[in-house]
Amino acid sequence: MSGERPVADPRALKDNAKLVLADPVLRRNFRGAMDFLTERRAAQFPDDEGFARLRDLGRHIRQHALARLPQLLVQLEQRLTEQGMHVHWAADAAAANAIFLDLARRHDATTMVKGKSMVSEEIGLNHEMAAHGVACIETDMGEYILQLDGDRPSHIIMPAIHKTKEDVAKIFAAHIPGAGYTEDVEELIAIGRRALRGEFRRARIGVSGVNFLVAETGSLVLVENEGNGRLSTTVPDVHIAITGIEKVVEKLDHIAPLFTLLTRSATGQAVTTYLNVIGGPRRDDEKDGPREVHLILLDNGRTQAYREERFRETLQCIRCGACMNHCPVYARIGGLAYGTTYPGPIGAIISPHLADLDSTRDLPTASSLCGACGEVCPVGIPIPELLMRLREAGRHTHPATPRQPLLKGQGAARSVTEVFAWKAWRLIYAHSALYAIFARIAPRLRALAGLVRSGWTDTRTPLRPARRALRETLAARSRNAARRPHPPA
Ligand code: SF4
């Protein structure tokens, strides 16, 4: 994008949105990309009943796993350890980064290559490692473009969706030694790949995210299209995978339905180019693969979402991004405006748990509640209801109970004016005499509509002129009808 960029702070949502809305190129990019993705997804689910059946299965698998989450995590750790992998638990971003740094130091690593991982974005891995002299190189093409440009992802599946090929051409020409300016997409991809090949060879550590963890078999499942995930997890001597604790499922059989829901919903593909199932480090009789595999299981607020039954469904998410692609707000303001790692509807429901409801209080309001996100969610997360619950939690503080502990920052959006207005409303409705007086006075208060300036009156037609406009339209219609010649009898 040209000029000022949206800031990475959800408190700046409104200012960020204004910035994006004022940029026609960015709006066109987002609109075009969302139309493309929604059409591709629709082509993969032509039959509503078939989709509903598959979605019920996906929801059931995720809910079944969440219902047994503590046991499954214990089983997973046991299986992974038996297979020679190392399991680390990280309560928050700082703890996860400390594990990365410790492993980098133990292996004398100054470079890591990284496949696409939103959880690594969540913990700010690249910045933290850079601050300690370890370069963390993105190898997903979209993420690599953003890293070169010092930009942030705007979509969880297609991080550089806001960049045009002209933007990429300029970025490569400016940052990759020997790369000339070209707008040919194939040539741009070839330039990026050539630059990254050397990094794979040099790096001692490869980093990846994980799409699913299988407790039964102790497997890490990675879904990808570019092959960089496979290179990051096999070429360097050490592989460090990081993911949220909620990604575990019980059985290997549960992967197939989730995989098909994920790829069809995310990119409109029946299958992706690669499905990597990692079962441990290189064995003695194997020619390649890492000598060490580590898995970092990150909490970072997920336990809080898990403890609160009314928010637990948030953790069913398989990060397909379909809710974002179908959200009319996201399609206009794009991912950067949200100022969070996860934008759009999924970001609005997960971010209050990862950060707090105080700093993210505006996110649940960035929705028209049209219901599209909930309809397309492949694991049936009732996103609009969760948004409503978060809006309510932002405005009210109920006494905490074991089943409903307080969300961090709960009640932060409470407004004294609003509380007063609702109390007055309740009082009036509870007393018939007061109600009768109010009913007589209220219509006269409309005269104030033109005097009160607010976000609402700035963008909507006040009631009185609207009525007048309607009257004028009807009068004009009847005048025209009177002038129209009557057909012969
Ligand atoms: S909330 Fe549903 S639609 Fe959105 S990313 Fe998660 S799984 Fe996909």
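About the thresholds
Residues numbered from 1 in each chain as written. Predicted model: local features only at pLDDT ≥ 70, side-chain atom pairs only at ≥ 80, totals over all residues. Heavy atoms only, no water. Pairing = 2+ DSSP bridges. Helix = DSSP H or I, 4+ residues; strand = E, 2+ residues; numbered from the N terminus. Contact = heavy atoms within 4.5 Å. Axes fitted to C-alpha atoms, helices over the stretch in contact; angles between N-to-C directions. Buried < 20%, exposed > 50% of the residue type's maximum accessible area, 1.4 Å probe, protein only. Core = buried A, V, L, I, M, F, W, Y, C linked by side-chain atoms within 4.5 Å. Salt bridge = Lys/Arg side-chain N within 4 Å of Asp/Glu carboxyl O. Polar contact = N/O pair within 3.5 Å; in protein donor to acceptor, adjacent residues only side chain to side chain. Near = heavy atom within 4 Å. Nonpolar A, V, L, I, M, F, W, Y, C, P; charged D, E, K, R; others polar. Parallel < 35°, antiparallel > 145°, perpendicular 65-115°, else oblique. Left-handed = near helix turned anticlockwise from the far one by under 90°. Patch = residues over 30% accessible without salt bridge, like charges linked within 9 Å, V, L, I, M, F, W, Y side chains within 5 Å. Areas by Shrake-Rupley, 256 points an atom, 1.4 Å probe, with all protein chains shown as cover.

### What about the sheet that holds strand S8 (residues 248-249)?
- If you trace the 4 strands from one edge of the open sheet to the other, you get S8-S5-S6-S9, paired in mixed fashion. At either end of the open sheet lies a strand with only one pairing partner, and these are S8 and strand S9 (274-278).
- Here 2 bridges tie strand S5 (residues 212-214) to S8, and the two strands are oriented parallel to one another. Within the sheet, the bridge partner assigned to Leu213 lies in S8 and is Val248.
- The sheet contacts of helix H12 (residues 255-266) involve S5, strand S6 (219-224), S8 and S9, and relative to S5 the element is tilted by about 175°.

### With respect to the environment of Val20
- Mapped onto the fold, Val20 is located in helix H1 (residues 13-21).
- Along the sequence, Val20 and Gly229 sit 209 residues apart, while their C-alpha atoms lie 32 Å from each other.
- Ignoring anything within four residues of it in the chain, the contact list for Val20 reads Pro6, Leu26, Arg27, Arg332, Ile333 and Ala337.

### A look at the pairing of strand S4 (residues 205-208)
- In S4, alternate side chains face the same way, and those of Ile205 and Val207 on one face and Gly206 and Ser208 on the other are all buried.
- As judged from the 3 bridges shared by strand S2 (residues 111-114) and S4, these two strands associate in the parallel manner. Residue pairing across strands places Lys114 opposite Val207, the latter belonging to S4.

### Comments concerning the nonpolar core
- Counting residues in each nonpolar core, the largest one holds 105 residues, and the members touching the most others are Phe100, Met112, Leu220 and Leu295.
- Among all residues touching Phe100, those that are not within four sequence positions of it are Met112, Ile123, Leu125, Met129, Val207, Ile240, Ile242 and Ile296.
- Judged by nonpolar contacts, the second largest core, of 17 residues, contains Ile137, Val168, Ala169 and Phe200.

### Things to note about the pattern of salt bridges
- In this structure the tally under the stated criterion is 21 salt bridges.
- Lys114 is the salt-bridge partner of Glu138, the closest N and O atoms lying 2.8 Å from each other. Here the residue Glu138 occupies a position in strand S3 (residues 135-138), and Lys114 occupies one in strand S2, the gap between them amounting to 24 residues.
- Overall, the relative accessible area of 1% leaves Glu138 in the buried class.
- By relative accessible area, Lys114 is classed as buried at 1%.
- A salt bridge links Glu286 to Arg283; the shortest N-O distance between them is 3.8 Å.
- On the accessibility criterion, Arg283 (46% relative accessible area) is partly exposed.

### Notes on unusual backbone geometry
- Here Asp108, not a glycine, exhibits a phi torsion of approximately 55°, which is positive.
- The topology assignment puts Asp108 in the loop between helix H5 (93-106) and S2.
- For Leu369, which is not glycine, the phi dihedral falls at a positive 55°.
- Along the polypeptide, Leu369 turns up in the loop between helix H16 (344-354) and helix H17 (372-376).

### A short note on the side chain of Thr38
- Examined against the element boundaries, Thr38 turns out to sit in helix H2 (residues 24-44).
- Polar contacts involving the side chain of Thr38 include one to the main-chain carbonyl oxygen of Asp35, which spans 3.0 Å.
- Apart from the residues within four sequence positions on either side, Thr38 is in contact with Asn325 and His326.

### What to know about the environment of Asp151
- Here Asp151 shows up in the loop between helix H8 (141-149) and helix H9 (165-175).
- Along the sequence, Asp151 and Leu336 sit 185 residues apart, while their C-alpha atoms lie 9.4 Å from each other.
- Residues contacting Asp151, with those up to four places away along its chain left out, are Arg5, Leu146, His162, Lys163 and Leu336.

### Comments concerning the site of the ligand
- Inspection of the region around the ligand gives Cys317, Ile318, Arg319, Cys320, Gly321, Cys323, Ile346, Cys377, Pro378, Val379, Ile381 and Ile383 as its neighbouring residues.
- Tallied by class, residues from the shell around the ligand come to 10 nonpolar, 1 polar and 1 charged.

### Side note on the packing of H8 against H9
- Direction vectors running N to C along H8 and H9 enclose 60°, while the axes themselves pass 10 Å from each other. The angle between H8 and H9 falls in the class oblique. The handedness of the crossing between H8 and H9 comes out as left-handed. Packed against H8, whose contacting residues are Met141, Tyr144, Ile145, Leu148 and Asp149, the element H9 presents Val168, Ile171, Phe172 and His175 at the interface.

### Topic: a nonpolar patch on the surface
- Taken together, the side chains of Leu427, Leu434, Ile437, Ile441 and Leu445 define a hydrophobic patch exposed on the protein surface, amounting to about 430 Å² of accessible area.
- Element by element, the count of residues in the nonpolar patch is highest for helix H20 (residues 432-445), at 4 residues.
- Along the chain, the position of Leu434 falls in helix H20.

### Description of the sheet that holds strand S7 (residues 238-244)
- Taking strand neighbours across the sheet as the criterion, the 6 strands line up as S1-S10-S7-S4-S2-S3 in an open arrangement whose pairing is parallel. Strand pairing shows two members of the sheet lacking a second neighbour, strand S1 (86-90) and S3, which therefore form its edges. Neighbouring strand axes in the sheet, compared pairwise and without regard to direction, differ in orientation by 25° on average.
- In terms of strand pairing, S4 meets S7 through 4 bridges, oriented parallel. The residue of S7 that forms the bridge with Val207 is Ile240.
- In the packing of helix H4 (residues 69-82) onto the sheet, contacts are made with S1 and strand S10 (292-298), and the angle to S1 comes to roughly 145°.
- Where H5 meets the sheet, its contacts fall on S1, S2, S4, S7 and S10, and the angle it forms with S10 comes to roughly 165°.

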